[in-house]
Amino acid sequence: MEHPKNISAVLGLSWGDEGKGKIVDALASQFDFVMRFNGGGNAGHTIVLGEKTFKLHHIPAGIFSPDVTNIIGRKCVVDFFDVAEEIQQLQQTGVEISPKNLSIAFDAQVVLPFHKRMDILREKIRGAGKVGTTGRGIGPAYADLISRVGITLGDIVKNSFQEKLQTEVRMHNAIAREFSNEEILLNELEEKIFSLQNFLTPFVQDAYSLLWKRLHEGKKLLMEGAQGALLDAYFGTRPFVSSSLACLHGALLDLGLSFSDFEEIIGVTKLYNTRVGSGAFPTEFSDEHLRDVIQKRGKEFGATTGRARRCGWLDIPTLKLVSNVNKVSSLAITKVDVLDTLDEIKICDAFISEKTNTEIPFLPGSDEYLRGVTPHYKSFVGWKRSTAGIIAREFLPQNLQTMLRCISEETGVPIQFVSTGAKREEFVKMY
Ligand code: IMP
């Protein structure tokens, strides 16, 4: 059977927090399905609609578009309690959510309190070498997936989870007992699961058969990435990465697709860079005042954990490779308005090896690599006027347009969207 071509993706090109949620929300009404294909409650997609701000963790950002069916994919890890709370909180604020517009894949791995506990415990034991995880149990839940153990949502809705739960709780308690005296109580946990079983069961569906059928009837799917390429478990700056596949390969494996099946692959990056948690960040600001300005103007505090994000300049060497690997067909550059007040804006155009003093390409898969590079910068004069809320290309300052041209030329990827604010309508469509 021929693969459909009516599939697009929105991917983060950096260490997450690029503004993917806003882009997905803005595009969602052009699609029939929006599917999250990786990650879990570690994601924090912020969506601003009018005066209301919503934070999504598991639920795809298509949820605010009335005719879209949203799917939490089978390679996501789903926190059983948090996802229920997320649905209920959105319902309470008047967002229409029901099994009609939200499906959670039957096969998705479940995150339970012992995953979170293991995540936090491991970080504590690692001390200074910690990853700086979100503490949402992501690593331990993906370890279950790869180890072919743990519990799926299907197990819970079919009521066949008890034996597995017993094994998992025993295992986790045995390990945790070495380091703490808190035990997970099996009966208590089982009861908590039962108390939400009826609520969540209608959402847990075989979304894939229906999706596949509809795609062959010409319906359109947008695949929503969480985190970013540099946090991808294999491709990213290991070990300071998340545990899911945040690159396009995550989306490909989920549905059995190839790169050529995609109509559009939109890569999202801010006009500057941020990183949360540990790891090398060659372009990180050394100027604390500059960092404070960007953190404040860009609201660079985690949507999931509230942690302050580290801030730095955009770098072309990673952007170029990440765009190439993910076959990015166009870029969405977000948060340009955050830089409105700066006299000078830099973009790193090359990495210089500290050993040989020569230019080197970015190589994926290891954080260590980035520790041995010195960024070389191109400097731009700031535009020093407000770009907030601009929606037409001709109103973007010339200096900003020069920077955008440089990014496009250096990466070889056209810029399709320039986001000028948090609200859905605040962006410029460049072509
Ligand atoms: P984990 O995904 O909680 O295991 O965290 C692993 C690393 O990924 C840490 O550095 C986190 O800060 C980072 N991370 C995970 N999710 C996000 C995200 O949505 N935005 C930014 N960083 C993230």
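Data block above holds the structure.
Residues numbered from 1 in each chain as written. Predicted model: local features only at pLDDT ≥ 70, side-chain atom pairs only at ≥ 80, totals over all residues. Heavy atoms only, no water.

1. Re the overall build of the protein chain
This is how it is decided: Numbering goes from the N terminus for both helices and strands, where a helix is a DSSP run of H or I of at least four residues and a strand is a run of E of at least two. With C-alpha atoms as the basis for the radius of gyration, the globule rule is written as 2.2 Å multiplied by the number of residues raised to the power 0.38. Per-residue accessibility, obtained with a 1.4 Å probe over protein chains only, is compared with the maximum for each type, and a residue is labelled buried under 20%, exposed over 50%, and partly exposed between these values.
Summing up its helical and strand segments, the protein chain has 13 helices and 19 strands in all. On C-alpha atoms alone, the protein chain measures out to a radius of gyration of 22 Å, which is about the 22 Å that the 2.2 N^0.38 rule sets for 431 residues. The C-alpha extent of the protein chain, read off along each of the three principal axes, is 65 × 50 × 45 Å. Taken over 431 residues, the protein chain has a buried fraction of 57%.

2. Topic: the side chain of S65
Which entries qualify depends on this criterion: Residue contacts are defined here by distance: any two heavy atoms, one from each residue, within 4.5 Å place the two residues in contact.
With respect to the element layout, S65 can be found in the loop between β4 (52-56) and β5 (69-72). What makes S65 buried here is its relative accessible area of 4%. Residues in contact with S65, not counting those within four places in the same chain, are D25, A28, S29 and R424.

3. Description of the pairing of strand β7 (residues 102-105)
Test applied: Paired strands, in this sense, are two strands between which DSSP finds at least two bridges.
The alternating pattern of β7 places L102 and I104 and S103 and A105 on opposite faces, both of which are buried. With 3 bridges joining them, β5 and β7 adopt parallel strand pairing. Paired with N70 across the two strands is L102, which belongs to β7.

4. As for the nonpolar core
Rules: The term nonpolar core refers to a set of buried residues drawn from Ala, Val, Leu, Ile, Met, Phe, Trp, Tyr and Cys, joined through side-chain atoms within 4.5 Å. The start and end points of each domain follow an automatic or database-based domain assignment.
Formed by 70 residues in total, the largest nonpolar core has its most connected members in L221, M223, F262, L271, I294, L339 and I407. Of all the elements, helix α13 (residues 398-411) adds the most residues to this core, at 5 residues. The residues that make up this core include at least three from each of domain 1 (7-104 + 207-263) and domain 3 (270-429). Contact partners of L221, with chain neighbours within four places excluded, come to N6, I7, S8, F31, F33, V34, M35, L211, L215 and L255. The next biggest cluster of nonpolar side chains, apart from the first, holds 52 residues, and it includes I23, V24, L196 and I266.

5. Overview of the site of the ligand
Selection criterion: Distances are taken per atom, and a residue is near a molecule or strand as soon as one of its heavy atoms is within 4 Å of it. Side-chain atoms alone can form a polar contact between residues adjacent in sequence; in general such a contact is a pair of N or O atoms within 3.5 Å, and within protein one must be able to donate a hydrogen while the other accepts it. Residues are grouped as follows: Ala, Val, Leu, Ile, Met, Phe, Trp, Tyr, Cys and Pro are nonpolar; Asp, Glu, Lys and Arg are charged; every other residue, Gly included, is polar.
In the vicinity of the ligand lie 16 residues, with D17, N42, T134, S242 and R307 positioned nearest. In the environment of the ligand, an oxygen atom lies 2.9 Å from a nitrogen or oxygen atom belonging to the side chain of N42. Between an oxygen atom of the ligand and a side-chain N or O atom of R307, the distance comes to 2.9 Å. Of the residues assigned to the shell around the ligand, the class counts are 7 nonpolar, 7 polar and 2 charged.

6. Overview of the sheet that holds strand β1 (residues 7-12)
Rule in force here: Axes here refer to lines fitted to C-alpha atoms; in helices the fit is confined to the stretch in contact. Angles between the N-to-C directions go from 0 to 180 degrees.
Sheet architecture is open: 10 strands sit in the order β9-β7-β5-β2-β10-β1-β11-β14-β18-β19, paired in mixed fashion. The sheet is open, and its two borders are formed by β9 (204-205) and β19 (427-429), each paired with just one other strand. Two elements, strand β18 (residues 415-419) and β19, share 3 bridges in a ladder whose sense is antiparallel. When the sheet's bridge partners are listed, S419 is paired in β19 with F427. Packed onto the sheet, helix α8 (residues 207-216) meets β1, β2 (33-36), β5, β7, β9 and β10 (221-224) and runs at close to 135 degrees relative to β2.

7. Notes on the packing of aromatic side chains
Selection criterion: Any pair of Phe, Tyr and Trp rings, taking the six-membered ring for Trp, is counted once the centres come within 6.5 Å. Such a pair is stacked with planes under 30 degrees apart, edge-to-face with planes over 60 apart, and tilted for the rest. Think of it as a cone above the ring: NZ of Lys or CZ of Arg counts as a charge over the ring if it is within 6 Å of the ring centre and within 35 degrees of the ring normal.
Under the defined criterion, the tally for this structure stands at 8 aromatic pairs. Ring centres of F285 and W313 lie 4.8 Å apart, and the angle between their planes is 80 degrees; on these two criteria the pair is classed as edge-to-face. Here W313 lies in strand β13 (residues 310-315) and F285 lies in the loop between β12 (272-275) and α10 (288-297), a separation of 28 residues in the sequence. Judged on exposure class, the residue F285 and its partner W313 are both buried. Between F362 and Y369 the ring centres are 6.3 Å apart and the planes differ by 75 degrees, which places this aromatic pair in the edge-to-face class. Residue F362 is classed as buried on the basis of its relative accessible area of 4%. Look at Y369 and you get partly exposed, because its relative accessible area is 21%. Directly above the ring of F81 sits K192, whose terminal nitrogen or CZ lies 4.5 Å from the centroid.

8. Comments concerning the side chain of R309
Tracing the backbone shows R309 in the loop between α10 and β13. The exposure class of R309 is buried, given its relative accessible area of 7%. Separated by 2.7 Å, the side chains of R309 and E300 make a polar contact. Of note is the side chain of R309, whose polar atom sits 3.5 Å from the backbone oxygen of F301. Residues in contact with R309, not counting those within four places in the same chain, are D17, K270, T274, R275, V276, Q295, K299, E300, F301, G302, A303 and K335.

9. Regarding the pattern of salt bridges
Selection rule: Note on definitions: salt bridges are taken to be side-chain nitrogens of Lys or Arg within 4 Å of carboxyl oxygens of Asp or Glu.
Evaluated as defined, the whole model comprises 21 salt bridges. Notably, a salt bridge pairs E217 with R214, separated by 3.2 Å at the nearest N-O pair. With a relative accessible area of 48%, E217 lands in the partly exposed category. For R291, the salt bridge is made with D292, and the minimal N-O distance between the two is 3.1 Å. Among the residues examined, D292 registers a relative accessible area of 38% and is labelled partly exposed. It is possible to trace a salt-bridge network through shared partners that takes in D17, K270, E300, R309 and K335.

10. With respect to a nonpolar patch on the surface
Put simply, the rule reads: Each patch is built from salt-bridge-free residues with over 30% relative accessible area, joining like charges within 9 Å and nonpolar side chains (Val, Leu, Ile, Met, Phe, Trp, Tyr) within 5 Å. All accessibility values rest on the Shrake-Rupley procedure with a 1.4 Å probe; residue burial counts only the protein chains present in the view.
On the surface, I125, I175 and F179 cluster together into a nonpolar patch covering about 290 Å² of accessible area. With respect to the helices and strands, I175 occurs in helix α6 (residues 162-177). Since its relative accessible area comes to 41%, I175 is described here as partly exposed.

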